[in-house]
2 protein chains.
Amino acid sequence: MAKSLELEDVTQAGCCAPLSGPLLNEDESIELSKVFKALADPVRLRLLNMIAASDGGEMCVCDLTGAFEQTAATISHHLKVLREAGLITGDRRGTWVYYRVVPGALTRLSGLFTEPALT
Amino acid sequence: MAKSLELEDVTQAGCCAPLSGPLLNEDESIELSKVFKALADPVRLRLLNMIAASDGGEMCVCDLTGAFEQTAATISHHLKVLREAGLITGDRRGTWVYYRVVPGALTRLSGLFTEPALT
C-alpha cells in the first residue's frame, strides 16, 4: 500500500510548493522523480489522458485496453505503474476494474510547475 | 537545435491543453514523454529546482556543480538533458555557462495538469 502514496508523500509536507520555491531535499527529489518516471512513457501518458478526460472521470480497463495495440497484460502493467505512482486508483466491480485519477494528484503536479507572477 | 524545442512542439498547437482535455495523439505523447524522462531523475529535478528558485532566475554552472557530490561532467550531462527537453537554456559568458528556465516552460507543464473546476 505504501507504494501508492508517493506523490502524496512528496507534497503533503509542503503541499504544492513550486519548483521555483523552496529547495527539494534529496529524499523529496527521489520520490518526485518516481512520479515523473511513471509519466515518462507515451502509452502511460495516453492512458492517464484518457482516464482524466473521460465522461464521469472513470474508465473501464476494457475500454482502455481496446484503444491500444499492446496486449492487455502490457496495458495492465502500465496502469499498475500509474497506480503505484499515486496518479490513478482502480476499483474492481464485477469482471472489470474501473480507473479514475486520484483526487488532487494532477493539481499537486500543476502547483509544482507554477511560476512566480512577473512583476 | 530541433531537439531543444520538444516541449514547445508539444504545446504550441494546443497550448497548455490539460490532460483532462483533448486526447493526445501518438506523436504528441511521445514528445511529451521525453520531457518527463528529463524530469525523472532526482539530480535533474534538484538542478531545475535550484535554477528556477535562484535569485535573478539565473545560476552559474560553477554554483550548481558545487552543490552535488557528482562530478562536473555528470552535472553537465544532466544540464544537457534538461536543455534538450526545452526546460532550461544556457548562456556562456567568459569561463562559465549561466542557466535559466525557458520562459513559459514550467507554465506549460502546469497547464497540462490543470484539473477541471468542481461544479
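As recorded by an unreviewed UniProt entry, chain A carries the name Helix-turn-helix transcriptional regulator and is attributed to Actinomadura barringtoniae.

**Student:** Any chance you could explain the overall build of chain A here in plain terms?
**Tutor:** Within chain A, the regular secondary structure consists of six helices and three strands. Expressed as a percentage of its 119 residues, the buried residues of chain A come to 45%. A separation of at least 24 residues holds for 63% of the contacts in chain A among residues at least 6 apart in sequence. When the accessible surface of chain A is totalled, it reaches about 6000 Å², and 54% of it is carbon and sulfur.

**Student:** Explain the sheet that holds strand β2 (residues 88-93) of chain A to me, please; I cannot follow it from the model alone.
**Tutor:** What holds strands together in a sheet is hydrogen bonding between their backbones, with the strands either parallel or antiparallel. Residues and elements named next belong to chain A. Strand order in the open sheet formed by three strands is β1-β3-β2, and the pairing between neighbours is antiparallel. Looking at the sheet topology across the chains shown, the edges are occupied by β1 (59-60) and β2. Direction of pairing for β1 relative to strand β3 (residues 96-101): antiparallel, over a ladder of two bridges. By the bridge assignment, M59 is partnered in β3 with Y99. In the packing of helix α5 (residues 72-84) onto the sheet, the strands contacted are β2 and β3, and the crossing angle to β2 comes to about 120 degrees.

**Student:** Any chance you could explain the state of the cysteines here in plain terms?
**Tutor:** One covalent bond between the sulfur atoms of two cysteine residues makes up a disulfide. Residue and element names in this part refer to chain A. Counted by the stated rule, this structure contains two disulfides over all chains. A disulfide bridge connects C60 with C62, and the sulfur atoms are separated by 2.2 Å. Taking the sign of the S-S torsion, 130 degrees for the link of C60 and C62, the bridge is right-handed. C62 gets classed as partly exposed once you look at its relative accessible area, which sits at 28%.

**Student:** Looking at this structure, how should I read the confidence of the model for chain A?
**Tutor:** The predicted structure's coordinates, where accompanied by low pLDDT, should not be read in detail. Residue and element names in this part refer to chain A. Summing up the model confidence of chain A, the mean pLDDT is 88 and the portion of residues at 70 or higher is 84%. Under a pLDDT of 50 for its full length, residues 1-5 has, in the predicted model, four contacts with residues more than four places off or in other chains. Listed scores for the predicted complex are pTM 0.87 and ipTM 0.86.

**Student:** Hey, could you run me through the interface of chain A and chain B in this one?
**Tutor:** The parts lose accessible area when they come together, and the size of an interface is often stated as this lost area. On the side of chain B, 35 residues touch chain A, which itself brings 35 residues to the contact. For the pairing of chain A and chain B, the buried interface totals around 2800 Å² over both sides, and the portion due to carbon and sulfur atoms is 67%. Across the chain A-chain B interface, the total number found is zero salt bridges. The interface formed by chain A and chain B includes nine residue pairs in polar contact (both at pLDDT 80 or more). Elements with a minimum of two residues in the side of chain A that touches chain B: α2 (26-39), α3 (42-53) and α6 (105-112) of chain A. Of the residues that constitute the side of chain A that touches chain B, the class distribution is 20 nonpolar, ten polar and five charged.

**Student:** Even after reading the chapter, I still don't get the packing of aromatic side chains, so can you show me in this structure?
**Tutor:** The geometry of two aromatic rings is summed up by the distance between their centres and the angle between their planes. This model, assessed by the stated rule, comprises four aromatic pairs over all chains. Both rings, one in F36 of chain A and one in F36 of chain B, keep their centres 5.9 Å apart while their planes meet at 10 degrees; by these two values the pair is stacked. Here F36 of chain A, found in helix α2, pairs with F36 of chain B, found in helix α2 (residues 26-39), and the two come from separate chains. A residue is classified by how much of its surface remains accessible, and F36 of chain A, at 0% relative accessible area, is buried. Here the aromatic residues F36 and F113 of chain A together with F36 and F113 of chain B are joined through ring pairs into a cluster of three or more. One Lys or Arg, R93 of chain A, reaches over the ring of Y98 of chain A and ends 4.3 Å from the middle of that ring.

The rules behind each value
- Position numbers for residues count from 1 along each chain, tracking the sequence in the order it is written.
- To read the labels, note that chains go from A and ligands from 1, taken in the order they are written.
- Thresholds applied to this predicted model are a pLDDT of at least 70 for local features of residues and 80 or more for the giving and counting of side-chain atom pairs; totals over whole chains, interfaces and linings are not thresholded and use all residues.
- As a convention, hydrogens and water are excluded, and side-chain values are obtained from all of the structure's heavy atoms.
- Only DSSP runs of H or I with at least four residues qualify as helices, and only runs of E with at least two residues qualify as strands; both kinds are numbered from the N terminus onward.
- When a residue's accessible area, from a 1.4 Å probe over protein chains only, is under 20% of the maximum for its type it is buried; when over 50% it is exposed; and in between it is partly exposed.
- The criterion used for residue contact is that any of the two residues' heavy atoms lie within 4.5 Å.
- Per-residue accessibility takes into account occlusion by the displayed protein chains alone, with areas from the Shrake-Rupley method and a 1.4 Å probe.
- Paired strands, as defined in this entry, are two strands with at least two bridges between them according to DSSP.
- A fitted line through C-alpha atoms serves as each axis, taken over the contacting stretch for helices, and the angle formed by two N-to-C directions is quoted from 0 to 180°.
- Cysteine sulfur atoms are paired as a disulfide whenever they fall within 2.5 Å.
- Confidence of the predictor in every single residue is expressed as pLDDT, which spans 0 to 100.
- Computed with a 1.4 Å rolling probe, the buried area is the accessible surface lost when two parts are put together, summed over both parts.
- A pairing counts as a salt bridge when a side-chain nitrogen of Lys or Arg comes within 4 Å of a carboxyl oxygen of Asp or Glu.
- In the analysis that follows, any N or O atom pair within 3.5 Å is treated as a polar contact, provided that within protein one partner can donate a hydrogen and the other can accept it, and provided that, for residues neighboring in sequence, both atoms belong to side chains.
- Three classes are used, and their members are as follows: Ala, Val, Leu, Ile, Met, Phe, Trp, Tyr, Cys and Pro are nonpolar, Asp, Glu, Lys and Arg are charged, and the others, Gly among them, are polar.
- Ring pairs shown here join Phe, Tyr and Trp side chains whose ring centres sit within 6.5 Å, with only the six-membered ring taken for Trp; geometry is labelled stacked below 30 degrees between planes, edge-to-face above 60, and tilted in between.
- Lysine NZ or arginine CZ positioned within 6 Å of the ring centre and within 35 degrees of the ring normal marks a charge as sitting over the ring.

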